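# A look at the structure
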Amino acid sequence: MMLNIFLAFMGIGLVVPVLPKFISELGMNGSSMGLMVAAFALTQLLLSPLSGKLSDRYGRKKLIVSGMFIFMLSELVFGLANSIPTLFIARIMGGAGAALLTPSIMAYVADVTSFEERGKGMGMINAAINTGFIIGPGIGGLLATYGIRIPFFAAAGAAGIAAILSLLVLPESLSKEKQQFNRELPRQKENLLQQFAKSYQSPYFMGLLIVFVVAFGLANFETVFGLFVDHKYGFTPMDIAIIITTGSIMGAVVQATIFGWIINRFGEKKVIHLCLAIGGVFIFLTLFAEQYVMIMLTTFIIFLAMDILRPAVSTSLSRQAGDEQGFVAGMNSSYTSLGNVIGPLIAGLLFDVHINLPYMVAAIALLACLVLSLRSKQAGEQHSIARAAEQHRG
């Protein structure tokens, strides 16, 4: 699983350094770029809950393989595109692939790990994702010297290899008996709004809210990052590749080595709160970084905090999911997609107003989420104390 996920996300990383220049050549501004990113996320948002349920009923492998093949086709179409509508079609296809892929990956990890090993498992998968991002941009920057479309074709090739390997080698993690049991359960015909309402009443809603805010904040940060450093500092695709690669290395090392220990030692909530605080503060500090080294340092710290935060939240949600691993993984993906829909739209509009506005909004969103999470924790602790006192009087 780690090898296949590495190949898929290396493909995503390949196109990161060349994407700003590529879309600029097609005449896209910040707003249109935000719309394109949002098209990907909106498709993922609409399909992820269905994908999560399907993985519970028919197994994880089928959806993982299908998602990788669709992602391969989306990168191929993107590389061949000569018009903005074609780019949007490619991104919609990519969103469909991600909707099939992501919930099934998270549910797969939950299937093959114990409750105590869940944090380590989530950390290892995220380490594979980050390693793909680390290597991908560097290779993409080199391939771009042979043509700006070459990285997209290379990404399609990487996804195709990952899909074939998954088909031939990856074992199914959900037993046929469990799949049959899930198929025989009464089906509740819930639309997307009803599923969001159900999640609002669940004990893991605060975790999902954090997922949304993190996705929203990062979308504001990442959507215009290439344009930000290109417009403000004249960075080349290779400069962007170096910054992203360097910023992701430590995150992958932490996830692959000590992330499980960090979660078991300090607990998900403390880790989540600290990462929210660091992410918000350093995104704000990016506005004042005027030298290359300072930009690299702040970006490095932001990526490290987010690389620890995301698997921490996923671990927390998975431990609360019980037998609803597919559904909760699907809602995790949906809340992420919702943030990725709203974030790029706002980031693109704000960027066209003022280059610094997307980062200011991202920092405020993360810090506001920290405050809400702390208040939720305090309210939960007070409720628990009150219940214990009432039981004692009884």
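A brief structural summary. (Residues numbered from 1 in each chain as written. Predicted model: local features only at pLDDT ≥ 70, side-chain atom pairs only at ≥ 80, totals over all residues. Heavy atoms only, no water.)

## Observations concerning the overall build of the chain
What counts here: What counts as a helix is a DSSP run of H or I of at least four residues, what counts as a strand is a run of E of at least two, and both are numbered from the N terminus. Throughout, exposure labels follow a simple rule: accessible area from a 1.4 Å probe, protein chains only, divided by the maximum for the residue type, with under 20% read as buried, over 50% as exposed, and the rest as partly exposed. When checking whether two residues touch, look at their non-hydrogen atoms; a contact exists if any pair is within 4.5 Å. Areas reported as accessible are Shrake-Rupley estimates using a 1.4 Å probe. Residue values count occlusion only from the protein chains shown.
Scanning the chain for helices and strands turns up 17 helices and zero strands. When each of the 394 residues of the chain is scored for burial, the buried share is 54%. Look at the contacts in the chain between residues 6 or more apart in sequence, and 88% of them connect residues 24 or more apart. Carbon together with sulfur atoms contributes 68% to the accessible area of the chain, which is approximately 17200 Å² in total.

## Let's talk about the side chain of T113
Heads up, the rule is: The definition of a polar contact used here is a pair of N or O atoms within 3.5 Å, where within protein one atom must be able to donate a hydrogen and the other to accept one, and adjacent residues in sequence count solely through side-chain atom pairs.
Within the secondary structure, T113 sits in the loop between helix 5 (84-112) and helix 6 (118-143). At 2.7 Å, the side chain of T113 forms a polar contact with the backbone oxygen of V109. Not counting the four nearest positions on each side in its chain, T113 is found in contact with R118 and G121.

## Focus on a nonpolar patch on the surface
Our working rule: Only residues above 30% relative accessible area that lack a salt bridge enter a patch, with like-charged residues linked at up to 9 Å and the nonpolar side chains Val, Leu, Ile, Met, Phe, Trp and Tyr linked at up to 5 Å. Salt-bridge detection follows one rule: a side-chain nitrogen of Lys or Arg within 4 Å of a carboxyl oxygen of Asp or Glu.
A cluster of nonpolar side chains, namely L73, L76, L80, Y146, I150 and F153, defines an oily patch on the protein surface of about 580 Å² accessible area. Put simply, the parts of the chain that give the nonpolar patch at least two residues each are helix 4 (60-80) and helix 7 (150-169). Looking at the element boundaries, L76 is found in helix 4.

## Points about the pattern of salt bridges
For side chains bearing opposite charge, pairing can occur when the charged atoms are close. On inspection of all chains with the given rule, the structure shows two salt bridges. The closest approach of N and O atoms between D111 and R60, which form a salt bridge, is 2.7 Å. Within this pair, whereas D111 is found in helix 5, its partner R60 is found in helix 4, the two being separated by 51 residues in sequence. With a relative accessible area of 27%, D111 lands in the partly exposed category. Here R60 falls in the buried class, since its relative accessible area comes to 1%. The network of salt bridges with shared partners includes D56, R60 and D111.

## A closer look at helix 14 (residues 268-285)
Every α-helical turn comprises 3.6 residues, leaving residues that sit three or four positions apart pointing alike. Using the following cut-off: Expected helix span is computed as 1.5 Å times (number of residues minus one).
Counted at 1.5 Å a residue, the expected span for helix 14 with its 18 residues is 26 Å, and the 26 Å between its end C-alpha atoms agrees. What helix 14 keeps buried is the set E268, V271, I272, H273, C275, L276, G279, G280 and I283.

## A look at the nonpolar core
Stated formally: We define the nonpolar core as a collection of buried residues of types Ala, Val, Leu, Ile, Met, Phe, Trp, Tyr and Cys that are connected through side-chain atoms lying within 4.5 Å of one another.
Core analysis: the biggest nonpolar cluster contains 57 residues, and V214, L276, I283, M306, L309 and Y359 have the highest contact counts within it. Elements represented by at least two residues in this core include exactly helix 10 (205-223), helix 11 (225-233), helix 12 (237-257), helix 13 (259-266), helix 14, helix 15 (292-321), helix 16 (325-353) and helix 17 (357-393). When near neighbours in sequence (up to four residues on either side) are disregarded, I283 contacts F221, I302, Y359, A362, A363 and L366. Of all hydrophobic cores here, the second largest spans 23 residues; its members include I5, L101, I105 and M122.

## Details of the packing of aromatic side chains
Keep this limit in mind: By convention, a stacked pair of Phe, Tyr or Trp rings (six-membered ring in the case of Trp) has centres within 6.5 Å and planes under 30 degrees apart, an edge-to-face pair has planes over 60 apart, and any other such pair is tilted.
Per the counting criterion, the structure on display carries three aromatic pairs. Aromatic pair F78 and F152: ring centres 4.9 Å apart, planes at 25°, arrangement stacked. In this pair, F78 sits in helix 4 while F152 sits in helix 7, placing the two residues 74 residues apart along the sequence. Aromatic side chains F284 and F288 sit 5.4 Å apart centroid to centroid with 65° between the ring planes, which places their arrangement in the edge-to-face category. The class for F284 is partly exposed, based on a relative accessible area of 38%. Note on F288: relative accessible area 55%, which makes it exposed.

## Re the side chain of S74
Within the secondary structure, S74 sits in helix 4. Judged by its relative accessible area of 2%, S74 falls in the buried class.

## Quick look at the environment of G94
Positionally, G94 belongs in helix 5. Every residue in contact with G94, bar those within four places of it in the chain, is listed here: F40 and S74.

## Some points on the packing of helix 4 against helix 7
Filter applied, for reference: The axes are straight lines fitted to the C-alpha atoms, using for helices just the contacting stretch, and the angles between their N-to-C directions are given from 0 to 180°. If an angle is under 35 degrees, it is roughly parallel; if it is over 145, roughly antiparallel; if it lies from 65 to 115, roughly perpendicular; otherwise it is oblique. Here a crossing is taken to be left-handed if its near helix is turned anticlockwise relative to the far helix by less than a right angle, and right-handed if that turn runs clockwise. Ten residue types, Ala, Val, Leu, Ile, Met, Phe, Trp, Tyr, Cys and Pro, are classed as nonpolar, four, Asp, Glu, Lys and Arg, as charged, and the remainder, Gly among them, as polar.
Between helix 4 and helix 7, the shortest axis-to-axis distance is 8 Å and the interhelical angle comes to 165°. As summarised for this structure, helix 4 and helix 7 are arranged roughly antiparallel, according to the angle between their axes. Both helix 4 and helix 7 take part in a crossing whose hand is left-handed. Here K61, I64, V65, M68, F69, F71, M72, E75, L76, F78, G79 and L80 of helix 4 lie close against helix 7, whose contacting residues are F152, F153, A155, A156, A159, G160, A162, A163, I164, S166 and L167. Looking at side-chain class alone, the contact of helix 4 with helix 7 contains 18 nonpolar, three polar and two charged residues.

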